[in-house]
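These are the residues of each chain, in order.
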Amino acid sequence: VRAVGNHFVALFQIRLERLEQFHARIRRVAQHHVEAAFGKRLGALKSRGEAAVFPLQLKQLNKVYSGRVICIGNAAQTMHPVAAQGLNLGVRDALAVSRLLGEARNLKQPELAERYAAKRRLDAHAIVGFTHSLVTLFDHPDLTLKLGRSGVMTLLDGLPAARKKFTEQLIFGL
């Protein structure tokens, strides 16, 4: 839930097979969730806008360039918005392409785009795979997985040096 002007926006992640059922019940469910999350400290829920549905899909280009066109950020890959990794990856893409172009003697060299793609491939694939795994792991109902992920989160919380290194990898890439 986040504030947008004088309004609040709530986002729900629902499995595709449950989408129609959820969409039909969104008004009652949304009110219940807002009241459960905030109680009455924001006052009574007076009005609601219509629900909008945006499917979250993992997409990644096989080739991020064509001729002298280089795709970066969401043009190169879209992923679940977990942990803002799409933003971080897009910033790293932009930084890499700006460095590449800044160092180039001739911008018409066809191998510039190829060098960019080779340089960004590992980081892009790793982060896309990582975010997809996170979503799958945290959305899975298996008790063993729940206990495992809880243990890992507790371990990271208790080891500041490991948490710092993990966070740096997410922000600055591989």
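Preceding this paragraph is the structure being described.
I will try to describe carefully the structure that is included in this document. Because the structure is a prediction, the values reported are computed rather than measured.

1. A closer look at the overall build of the protein
Within the protein, the regular secondary structure consists of five helices and six strands. Secondary structure elements of the protein occur, N-terminal to C-terminal, as β-β-α-β-β-β-β-α-α-α-α. Expressed as a percentage of its 174 residues, the buried residues of the protein come to 22%. Considering only contacts within the protein whose residues lie at least 6 apart along the sequence, 53% involve residues at least 24 apart.

2. Quick word on the packing of helix 4 (residues 143-158) against helix 5 (residues 160-172)
Where helix 4 meets helix 5, the axes come as close as 5 Å, and the angle between the chain directions of the two elements is 105°. Judged on the interaxial angle alone, helix 5 and helix 4 are roughly perpendicular. Residues Leu156, Asp157 and Gly158 of helix 4 touch helix 5, and the partners they reach there are Pro160, Ala162, Arg163 and Phe166. The class makeup of the residues in the contact of helix 4 with helix 5 is four nonpolar, one polar and two charged.

3. Digging into helix 5
Taking 1.5 Å of rise per residue, the 13 residues of helix 5 would be expected to cover 18 Å, and the 18 Å separating its terminal C-alpha atoms lies within 8% of that figure. Once helix 5 finishes, Gly173 follows within two positions and takes phi at roughly 85°, a positive value.

4. Points about the environment of Leu87
Looking at the secondary structure, you find Leu87 in helix 2 (residues 85-103). Separated by 14 residues in sequence, Leu87 and Gly73 place their C-alpha atoms 7.3 Å apart.

5. Notes on the packing of helix 2 against helix 5
Close contact between helix 2 and helix 5 brings their axes to 8 Å; oriented N to C, the two are set at 60°. Between helix 2 and helix 5, the angle falls in the class oblique. Residue-level inspection shows Gln85, Asn88 and Arg92 of helix 2 in contact with helix 5, the latter providing Leu170, Ile171 and Phe172. Residues belonging to the contact of helix 2 with helix 5 are distributed by class as follows: three nonpolar, two polar and one charged.

6. Here we look at the side chain of Arg92
Following the sequence through the fold, Arg92 ends up in helix 2. In this structure, Arg92 is in contact with Arg120, Asp123, Ile127, Leu170, Ile171, Phe172 and Gly173, ignoring residues within four places of it in sequence.

7. Describing the nonpolar core
Core analysis: the biggest nonpolar cluster contains eleven residues, these being Val64, Tyr65, Ala76, Ala96, Val97, Leu100, Ala104, Leu112, Ala113, Tyr116 and Ala117. Counting residues per element, the ones that place at least two in this core are helix 2 and helix 3 (111-139). The element that contributes the greatest number of residues to this core is helix 3, accounting for four residues.

8. A closer look at the packing of aromatic side chains
A complete count under the given rule lists one aromatic pair for this structure. Residues Phe130 and Phe166 carry aromatic rings whose centres are separated by 5.8 Å and whose planes lie at 70° to one another, so their mutual orientation is edge-to-face. Highlighted residues: Phe130 in helix 3 and Phe166 in helix 5, separated in sequence by 36 residues.

9. A few points about the pattern of salt bridges
Going through the model one piece at a time under the given rule, you end up with five salt bridges. A salt bridge links Asp157 to Arg163; its shortest N-O distance comes to 3.5 Å. Note on Asp157: relative accessible area 56%, which makes it exposed. Put simply, Arg92, Asp93, Arg120 and Asp123 are held in one network by salt bridges that share partners.

About the cut-offs
- Residues numbered from 1 in each chain as written.
- Predicted model: local features only at pLDDT ≥ 70, side-chain atom pairs only at ≥ 80, totals over all residues.
- Heavy atoms only, no water.
- Helix = DSSP H or I, 4+ residues; strand = E, 2+ residues; numbered from the N terminus.
- Buried < 20%, exposed > 50% of the residue type's maximum accessible area, 1.4 Å probe, protein only.
- Contact = heavy atoms within 4.5 Å.
- Axes fitted to C-alpha atoms, helices over the stretch in contact; angles between N-to-C directions.
- Parallel < 35°, antiparallel > 145°, perpendicular 65-115°, else oblique.
- Nonpolar A, V, L, I, M, F, W, Y, C, P; charged D, E, K, R; others polar.
- Expected span 1.5 Å × (residues − 1).
- Core = buried A, V, L, I, M, F, W, Y, C linked by side-chain atoms within 4.5 Å.
- Phe/Tyr/Trp six-rings, centres within 6.5 Å; stacked < 30°, edge-to-face > 60°.
- Salt bridge = Lys/Arg side-chain N within 4 Å of Asp/Glu carboxyl O.

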